Each structure stands twice: as C-alpha cells, then as structure tokens.
Amino acid sequence: MTFHCKNFDINADRCNKLKGECIPGRRGCVLEGKVKLSEELQKKVDALNDKGKA
Ligand code: SF4
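Bear in mind the structure is a predicted one, so any value in this text is a computation, not a measurement. Residue positions are given per chain, counting from 1 as you read along its sequence in written order. Local features in this predicted model are restricted to residues of pLDDT 70 or higher, and side-chain atom pairs are both shown and tallied only at a pLDDT of 80 or more, whereas totals for entire chains, interfaces and linings draw on every residue. Working from all heavy atoms in the structure, the side-chain values ignore hydrogens and water.

**Considering the site of the ligand**
Close contacts around the ligand come from Phe3, Cys5, Asn7, Phe8, Cys15, Cys22, Ile23, Cys29 and Val30, and that covers them all. When residues are grouped by polarity, Ala, Val, Leu, Ile, Met, Phe, Trp, Tyr, Cys and Pro land in nonpolar, Asp, Glu, Lys and Arg in charged, and all others, Gly among them, in polar. Among the residues forming the shell around the ligand, the class breakdown is 8 nonpolar, 1 polar and no charged. Being near a molecule or strand, for a residue, comes down to having at least one heavy atom within 4 Å of it.

**Observations concerning the environment of lysine 17**
Working definition: helices are DSSP H or I runs of at least four residues, strands are E runs of at least two. Numbering for both runs from the N terminus. Relative to the elements of secondary structure, lysine 17 occurs in the loop between strand E2 (14-15) and helix H1 (39-53). A sequence separation of 11 residues divides lysine 17 from lysine 6, and the C-alpha atoms of the two residues are 9.3 Å apart. Ignoring any residue separated from it by four or fewer positions in sequence, one finds lysine 17 in contact with Asn7, Gly28 and Val30. Think of a polar contact as two N or O atoms within 3.5 Å of one another; within protein, one of them needs to be a possible hydrogen donor and the other a possible acceptor, and neighboring residues in sequence only count if both atoms come from side chains. Here the side chain of lysine 17 touches glycine 28 through a polar contact of 2.4 Å, landing on its backbone oxygen. Here, residues are in contact when the closest pair of their heavy atoms is within 4.5 Å.

**Observations regarding the environment of arginine 27**
Structurally, arginine 27 can be placed in the loop between E2 and H1. Sequence separation between arginine 27 and aspartate 13 is 14 residues; the distance between their C-alpha atoms is 18 Å. With sequence-adjacent residues up to four places away left out, arginine 27 is seen in contact with Leu18, Glu32 and Asn49.

See the structure below:
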C-alpha cells in the first residue's frame, strides 16, 4: 500500500504538521491510532515516545 499524507513536505522530507520527522503513527500524526503499524515503524514510534519522556 502506498500512502501520501497532505502534511508531508516532500522537498524538506519532514512533517509540516508536527514540524519534524515523518514517522507515520507517531503522536499527533493523522494516522495515530488508526492504523496497525509494522513492527519496524512501531519501534520508531516507541523510540520517539521514549525520547519525549526523558
Ligand atoms: S507524521 Fe503523520 S501527519 Fe506527519 S507527514 Fe507523516 S504521516 Fe503525515
């Protein structure tokens, strides 16, 4: 499946909504809680969330 998010800035390779890296499913992402993430993506989201706690 391919997906194009309107918030993704393809030139800057970043999320305009969250002003940072596009990690689909991350907190605040339009896909948060709506999709089942791959194991690899889930790890990225978890790592990002862990960073936020520190
Ligand atoms: S993080 Fe989510 S909202 Fe942001 S560009 Fe990626 S898919 Fe879209």
